[in-house]
Structures are given as structure tokens and as C-alpha cells.
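An overview of the molecular structure
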Amino acid sequence: MHIARTALVCLVFLLSGSIVDLGEGQLRRQAIATSAHLLIPTAANNTGLFGAVFKTRVSIVNVTNRTYTITATLYRSGSGTIVRQITMGSRQARNYDNFLQDVFSYSGAAGVELDAVSAQSAGGSDLNQFAVFAEVYNDGANGVYKTVVNIADPADGLSLTDPSITPGIFVDGSARTNVGCLNTATTQAIVNVDVYSSSGGLLTTHFLTVAPSGWAQNGILQDVSGGYLIWRVQFGVSPHCFAVVVDNETNDGSFIPPIKSVN
């Protein structure tokens, strides 16, 4: 079961973008470009199942000789944002072991927008390029486990017209799957998440309602082994969505982004 699950997760990253080998057969998708505007779709500073304590490690690197400010906006469950400023010196790297606590003094789960373009940021410009790495990790009785989070382009949310697919979904006694979306727009988004079996049968439809300037995450309750998700925007704007498959024993997770269909 674990071998098959690893193979499916590796296939997801081969399909969805560039990959980096972390050893022991683990493949993670890597950010493919620097930018002046990026999203961390999910982050945590809270306790979880089976004694886990989740935190988010974030590294931000100014790849230019410019000095500028990044406007960091936290989008939480429901709606209501928290905004902070991060000053970046020339070629400076800022590293946070508990990003939500260190920057926002926030406990819970959320999504984050990092923007060095807008008028909110001092000297806002497309020239303010930076790179970001983020991982959610947990300190639990079984050790420290990590989930590398795909950094997202704000312009690359779900399609309003075409479905997206997330393979490699497991919900059973040994694993659980959470689905979520970050909505940075001022309009509500409603997303249908169809859960399919490995044989292609529709098992159930999960509905995610994401408030304006909000973030939402729920667990898939339907048992599924090696199935997949089909994402469709039912109403509103195009949010940035994700699935995380989590091992119930270790709380080790695999972040799996939706893959846009070309059919």
C-alpha cells in the first residue's frame, strides 16, 4: 500500500511541474521562478490529530540588490485578513521557524499572500523579485515530519471553465485527505470537489465555500484508495486550491496541487 501510494504521489509531481529529489524516493515540486508576488496556499501554527504540533517554516530571499518591503497578508478561515510588512535588504534572506507566529502572532491554519508589487508595499515594483520556500512540519511522538508546500502564482488559480484533477488520493484507516482553497479576491468562491475511485466511479461530491478574502480547508470523509479529485468552480472567482494526503500514524503529508486539464 505504501509503495503504491508513493508511486502515485511521484507521478503527480512529474505531471505538474519541475521536481526535486529529497532522497529515499521522495519527490517534491519545486518553485520554478522568482517573482514579486507569490502565494503560500496553506500554513499552520496549531495542534493536530495524534498529538502533532504543526508549524510552518518559511524562507524568503531577496534575489536583487534593491531594498523593498513585502506586504504579507494572512487569509484565515472564514474571512478577515491580518497584514504585516517584511522589509527586505539587498540580497537578504529572512528565515522563520514558525512563520504564522513570528510574523502575524496567529494560531491556527491559513493561507498567505506575499506582495512586493502593490502600492501597499514601499517601493512596490515588479523588479522586487524574491524566492520563497515553505514547509509545514510537525513535532510529535513519532518524530518530526514535513510537508513541502507548493508556492503559487497569484494568476494561476482554478480555471473558471475547465476542470482540474488531483491524483493520488487516499482516505482509509492509515491515511486522510484534506482539501482547501485560498481566495484572495473580494468575491466569494464555491468549489465542487468530486471524489472518484481508482476505477473511475464517482463516490461523492465535496463542497468548499471560500469567503471573500478568506481561506477554507475540510477533510474528505469518503473512503477512497488511490482515487482522484476533480475540481470545478461552481460560483464566483478562481481560488488557489490544494489537497494534502496525510499519514495517520506519523502525520507526514504530501501536498498535491490540482493539475489543469487540457481536454
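Being a predicted model, the structure only gives us computed values, none of them experimental. (Residues numbered from 1 in each chain as written. Predicted model: local features only at pLDDT ≥ 70, side-chain atom pairs only at ≥ 80, totals over all residues. Heavy atoms only, no water.)

Digging into the pairing of strand β8 (residues 108-115)
Sheet faces and side chains relate simply in a regular strand, where the side chains alternate between the two faces. The criterion, for reference: Burial classes follow relative accessibility: with a 1.4 Å probe on protein chains only, a residue under 20% of its type's maximum area counts as buried, one over 50% as exposed, and anything between as partly exposed. Secondary structure elements are defined from DSSP: runs of H or I of at least 4 residues count as helices, runs of E of at least 2 residues count as strands, and each element is numbered from the N terminus. Pairing between strands is defined by DSSP: at least two bridges between them are needed.
In terms of burial, β8 is largely enclosed, as eight of its eight residues are buried. Going residue by residue along β8, you find G108, A110, V112 and L114 tucked away on one face and A109, G111, E113 and D115 tucked away on the opposite face as well. Where strand β3 (residues 37-47) lies against β8, seven bridges are found, and the strand directions are antiparallel. From the neighbouring strand, N45 faces β8, where its bridge partner is G108. Of the strand pairs in this sheet, strand β5 (residues 68-76) and β8 are connected by six bridges, and their pairing is antiparallel. Counterpart to A72 in the pairing with β8 is L114.

Structural notes on the pattern of salt bridges
Operational definition: What counts as a salt bridge is simple: a side-chain nitrogen of Lys or Arg found within 4 Å of a carboxyl oxygen of Asp or Glu.
Applying the stated rule across the entire model yields five salt bridges. Across the salt bridge formed by D97 and R57, the nearest N and O atoms sit 3.3 Å from each other. With D97 in the loop between β7 (93-96) and α2 (99-104) and R57 in strand β4 (residues 53-62), this residue pair connects regions lying 40 residues apart in the sequence. On the basis of relative accessibility, which here comes to 48%, the residue D97 falls in the partly exposed class. Between E135 and K146 there is a salt bridge, with the nearest N and O atoms lying 4.0 Å from each other. Of this pair, E135 sits in strand β9 (residues 130-140) while K146 is found in strand β10 (residues 143-148), placing the two residues eleven residues apart along the sequence. Of the residues examined, K146 reaches a relative accessible area of 41% and is grouped as partly exposed. Through salt bridges with shared partners, a single network forms among R57, D97, E135 and K146.

Section: the packing of aromatic side chains
Here is the rule: Stacked, edge-to-face and tilted are the three classes for Phe, Tyr and Trp ring pairs, Trp counted by its six-membered ring, which pair at centre distances within 6.5 Å; planes under 30 degrees apart are stacked, over 60 edge-to-face, the rest tilted. A ring is scored as having a charge over it whenever the NZ atom of a lysine or the CZ atom of an arginine sits within 6 Å of its centre and within 35 degrees of its normal.
This model, assessed by the stated rule, comprises five aromatic pairs. A centroid spacing of 5.7 Å and a plane angle of 20° characterise the contact between F242 and F255, whose relative ring orientation is stacked. You can see F242 sitting in strand β17 (residues 240-247) and its partner F255 sitting in strand β18 (residues 253-256), a full 13 residues away along the chain. Residue classification places F242 among the buried residues on the basis of a relative accessible area of 0%. With relative accessibility at 2%, the residue F255 sits in the buried group. By way of ring pairs, the aromatic residues Y96, F99 and F104 are connected into one cluster. Lying across the ring of Y137, R57 places its NZ or CZ 4.1 Å from the centre.

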